[in-house]
Amino acid sequence: MARLVATADTVTVTLSALEKIAALHGDVSVPRAALVAVRTVPDGSSEIHGLRMPGTGLPGVIMAGTWRANRRITFAVCHGRRRAVVLELTGQRYDRIVVTVDHPEQAAASLT
């Protein structure tokens, strides 16, 4: 399961080896200053829209990788229809990061 690791300067989405394969991507780090908003949602998969390029998409099972829709780019690692953390970003490669993590409320609180 992915983890959100926050330091004073950065937020990193740390992926497991299988998640890296599914997402066709490594860990993702962004500056804390790029965070516009942090929220939790009851179903991370419902936050993912557009075309998957590249990654793995089996709705209800796993959605991992990059999605592009309406000039917005989302990086996501969501397992099933579980609670997730959504990071809204500015000035970064990704406009949003959506990730299912253990204890999403606690993870989101650590970022605000």
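Look a little higher up for the structure.
These notes cover the structure that comes with them. Model, not experiment: these values are computed from the prediction.

Here we look at the side chain of R96
1) Next: Residue position: R96 is located in strand β9 (residues 96–99).
2) Next: Judged by relative accessible area, R96 falls into the buried class, the value being 7%.

Here's the deal with the sheet that holds strand β4 (residues 35–41)
1) Next: If you walk across this open sheet you meet the six strands as β4-β8-β9-β7-β6-β5, and the pairing is mixed. Strands with a single pairing partner mark the edges of an open sheet, and in this sheet they are β4 and β5 (51–58). Taking the axes of each pair of neighbouring strands and ignoring which way they run, one obtains an average angle of 15° across the sheet.
2) Next: In terms of strand pairing, β4 meets strand β8 (residues 84–89) through six bridges, oriented antiparallel. Bridging from a neighbouring strand, L35 pairs with L89 of β8.

Section: the pattern of salt bridges
1) Next: With the rule as written, the count across this model stands at nine salt bridges.
2) Next: Residues R39 and E88 are paired through a salt bridge, measuring 3.4 Å at the closest nitrogen-oxygen approach. Of the two residues, R39 sits in strand β4 while E88 sits in strand β8, which places them 49 residues apart along the sequence.
3) Next: Salt-bridge contacts for R96 lead to E88; the nearest nitrogen and oxygen are separated by 4.0 Å.

Criteria and thresholds
- Residues numbered from 1 in each chain as written.
- Predicted model: local features only at pLDDT ≥ 70, side-chain atom pairs only at ≥ 80, totals over all residues.
- Heavy atoms only, no water.
- Helix = DSSP H or I, 4+ residues; strand = E, 2+ residues; numbered from the N terminus.
- Buried < 20%, exposed > 50% of the residue type's maximum accessible area, 1.4 Å probe, protein only.
- Pairing = 2+ DSSP bridges.
- Axes fitted to C-alpha atoms, helices over the stretch in contact; angles between N-to-C directions.
- Salt bridge = Lys/Arg side-chain N within 4 Å of Asp/Glu carboxyl O.

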